Amino acid sequence: MNGPVLVINSGSSSIKYQLIDPDGGEAIASGLVERIGEPDGVIGHRQGGIDSEHRGPIADHAEGLRLAFAMFAEAGMDLTTAGIAAVGHRVVHGGEVFYRPTRITADVIAEISRLSALAPLHNPANVVGIESAMRVFPDVPHVAVFDTAFFHTLPAEARTYAIDAQVAAAHGVRRYGFHGTSHEYVSGRVAEVLGRDNAELNQIVLHLGNGASASAIAGGRAMDTSMGLTPLEGLVMGTRSGDIDPGIVMHLRRSADLDVDAIDDLLNRGSGLKGLCGVNDFRELRRLIADGDEAARLAYDVYIHRLRKYIGAYLVTLGRVDTITFTAGVGENAVEVRADALAGLESLGIEIDLERNVAKDRSARVISTDSSRVTVLVVPTNEELAIARAARSFAPDGAVEQGQR
Ligand code: ADP
C-alpha cells in the first residue's frame with residue numbers, strides 16, 4: 001500500500017506525531033499532545049501549513065490521540081479513510097531482544113513492557129501509545145522502531161562495562177546506545193550527499209539536541225557511542241549530566257541523604273546545562289553569555305570540553321576518519337558549537353570553513369574547507385522519516401512480507 005505512514009513518539013505525558021509520505025519524505029501533518037493527565041492539556045497541530053490548537057484536559061494517551069485525530073478531521077482529513085499504510089512507533093529501549101524494526105504483536109508488547117526495567121521513564125509510555133493507537137487503527141501494521149537498534153553491533157569491548165561480569169549479566173548491564181535511528185539515518189545521508197559508498201566511510205556523528213550523543217561508525221557499523229545502559233551517559237546535555245564519576249551517586253546518597261529517585265531526577269532533569277546555569281535551551285544560553293553571565297559561560301565551556309573529548313576518542317577509535325557530522329537542534333543551528341568543537345584541529349586534518357559554517361542553509365551541506373582531509377558536514381536529522389520508511393516496509397505490498405521478521 002502506498003499510503004502515508006503515521007509516526008508516533010509517545011512520552012510519559014506527551015505524544016509527538018507526524019503523518020508522512022515515506023516516498024517524498026514530506027510531513028503531511030504533525031503535532032504534539034502535551035500535559036496528558038493534567039487539567040491544562042494542549043495539542044498543537046499543523047496541517048497544510050496551517051496551525052491549530054486544542055486546550056483542555058486530556059485524560060490519557062488514547063484520548064490524546066482521539067483529539068489529535070479530530071484535529072486532522074477539522075483540517076479536512078479523515079484519517080480512517082486516508083489510506084494509512086502503517087503506523088510506526090518510536091520505542092526507546094529494545095534491550096538485547098529487538099535490533100530491527102519489528103511488527104507489533106501482543107508478545108512484542110509484553111517484551112517491550114518487560115524491558116521497562118531498563119528504561120522506566122520511556123518504555124511504559126511507549127507501550128501506552130502503542131496500545132492506544134492499535135485501538136484506533138486496528139487494521140494496519142503497527143511497527144516498533146527501536147532507539148537502541150543501530151548500536152546492536154557495538155563490538156564487545158565497546159559495549160562492556162568493567163564491572164562484575166555476573167552482576168552485569170544478571171541485570172542486563174551493558175552499553176546499549178540511543179538515538180540510533182538518527183545516527184543511522186544521518187550517516188546514510190552523509191554517504192548520499194557525498195556520493196560515496198557508505199561501506200567505505202569512517203564517520204563520527206554528533207547528535208546534539210536536548211539529549212545529545214556521539215557515535216563512531218565504520219562502513220555503516222556502529223563501533224562506539226556515548227550513551228550507555230541509559231541515555232544518561234556521555235555528552236553534557238540540556239538537563240542530563242552525561243559522564244560523571246559514579247562515586248558521586250554514592251556520595252550524594254550518603255552526604256545529601258538523597259534517595260535513588262531524587263538522584264535520578266537530579267542527574268536526568270536537573271543537571272547538564274540547566275544544572276550549571278539554569279537554562280537548557282541553547283538560544284537562552286547564548287543570550288546569557290552575551291549578557292556576561294559567568295555560570296552560562298562555564299556551562300558552555302564544559303559542554304564543548306566534553307564534546308571535544310569524545311571527538312578525540314573517536315578519532316583514535318576509528319583510526320582514519322572521513323567525515324564528522326553535526327545534527328539535531330543544536331548541531332544544526334548553533335554555529336559557535338560547531339566552530340568551537342573543531343577549532344585548532346588543523347594538524348589532524350580538520351579545517352572548518354568559517355563562511356560555510358555560518359551560511360543560512362537548512363539543507364545537508366559540507367562546512368569544511370576544500371583542502372580539509374576530514375569532511376565536516378551539517379545534516380538535518382529526520383527520525384520520523386526513517387521510522388516511516390521502516391514501518392512502510394511492513395505494509396501489505398511493502399518490502400517485508402507479512403509474518404517475516
Ligand atoms: P530533542 O529532540 O532532543 O528535544 P532537538 O533536536 O529538537 O531536541 O533540539 C532542541 C534543542 O536545539 C533546543 O533545546 C535548543 O537548545 C537547540 N536549538 C534549536 N534551535 C536553535 C537555534 N536556532 N540556535 C541554537 N540552538 C537551537
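The chain appears in an unreviewed UniProt entry as Acetate kinase from Rhodococcus oryzae. Checking UniProt for the chain, the heading Pathway (unreviewed entry) contains the comment "Metabolic intermediate biosynthesis; acetyl-CoA biosynthesis; acetyl-CoA from acetate: step 1/2." According to UniProt, the comment filed for the chain under the heading Subcellular location (unreviewed entry) is "Cytoplasm".

A. Representation of the environment of His 305 in the model. Here His 305 lies in helix 11 (residues 294-318). For His 305, a relative accessible area of 53% corresponds to the exposed category. Residues His 305 and Asp 264, 41 residues apart in the sequence, show an inter-C-alpha distance of 24 Å.

B. Expanded view of the domain arrangement of the chain. Split by domain assignment, the chain resolves into domain 1 (5-146) and domain 2 (196-383). Taking only C-alpha atoms into account, the centre of domain 1 sits 28 Å from that of domain 2. If you sort the residues of domain 1 by the area they bury against domain 2, Leu 118, Leu 121 and His 122 come out on top, with a joint share of 61%. In this assembly, domain 1 and domain 2 are joined by 0 salt bridges. At the junction of domain 1 and domain 2, the tally comes to 1 residue pair in polar contact (both at pLDDT 80 or more). By residue class, the composition of the side of domain 1 that touches domain 2 is 2 nonpolar, 3 polar and no charged.

C. A look at the sheet that holds strand 6 (residues 86-91). Read from one edge of the open sheet, 8 strands run 5-4-3-2-1-6-8-7, paired in mixed fashion. Each edge of the open sheet carries a strand with a single partner, namely strand 5 (50-55) and strand 7 (102-103). Sheet analysis places strand 6 next to strand 8 (residues 142-146), joined by 5 bridges and oriented parallel. Opposite Arg 90, over in strand 8, you have Val 145 as the bridge partner. Here helix 1 (residues 61-74) sits on the sheet and contacts strand 1 (5-10), strand 2 (15-20), strand 3 (27-34), strand 4 (42-47) and strand 5; the angle it forms with strand 4, its principal contact strand, is near 35 degrees. Contacts from helix 15 (residues 383-392) reach strand 1, strand 2, strand 6 and strand 8, with the element oriented near 130 degrees to strand 6.

D. Inspection of a nonpolar patch on the surface at higher detail. Residues Ile 244, Ile 248, Val 249 and Met 250 make up a contiguous nonpolar surface patch of roughly 270 Å² in combined accessible area. Considering the arrangement of structural elements, one finds Val 249 in helix 7 (residues 247-255). A relative accessible area of 31% places Val 249 in the partly exposed class.

E. Structural view of the sheet that holds strand 14 (residues 375-378). Strand order in this open sheet of 6 strands is 11-10-9-12-14-13, and the pairing throughout is mixed. Every interior strand has two partners, whereas the edge strands, strand 11 (221-225) and strand 13 (365-366), have only one. Summarising the sheet, strand 9 (residues 202-208) and strand 12 (residues 323-327) pair through 5 bridges and their orientation is parallel. Its bridge partner being in strand 12, Val 205 is matched across the sheet by Thr 325.

The rules behind the values
- Residues numbered from 1 in each chain as written.
- Predicted model: local features only at pLDDT ≥ 70, side-chain atom pairs only at ≥ 80, totals over all residues.
- Heavy atoms only, no water.
- UniProt positions renumbered as here; feature names shortened; annotations may be inferred.
- Helix = DSSP H or I, 4+ residues; strand = E, 2+ residues; numbered from the N terminus.
- Buried < 20%, exposed > 50% of the residue type's maximum accessible area, 1.4 Å probe, protein only.
- Domains from an automatic or database assignment.
- Buried area = accessible area lost by both parts, 1.4 Å probe.
- Salt bridge = Lys/Arg side-chain N within 4 Å of Asp/Glu carboxyl O.
- Polar contact = N/O pair within 3.5 Å; in protein donor to acceptor, adjacent residues only side chain to side chain.
- Nonpolar A, V, L, I, M, F, W, Y, C, P; charged D, E, K, R; others polar.
- Pairing = 2+ DSSP bridges.
- Contact = heavy atoms within 4.5 Å.
- Axes fitted to C-alpha atoms, helices over the stretch in contact; angles between N-to-C directions.
- Patch = residues over 30% accessible without salt bridge, like charges linked within 9 Å, V, L, I, M, F, W, Y side chains within 5 Å.
- Areas by Shrake-Rupley, 256 points an atom, 1.4 Å probe, with all protein chains shown as cover.

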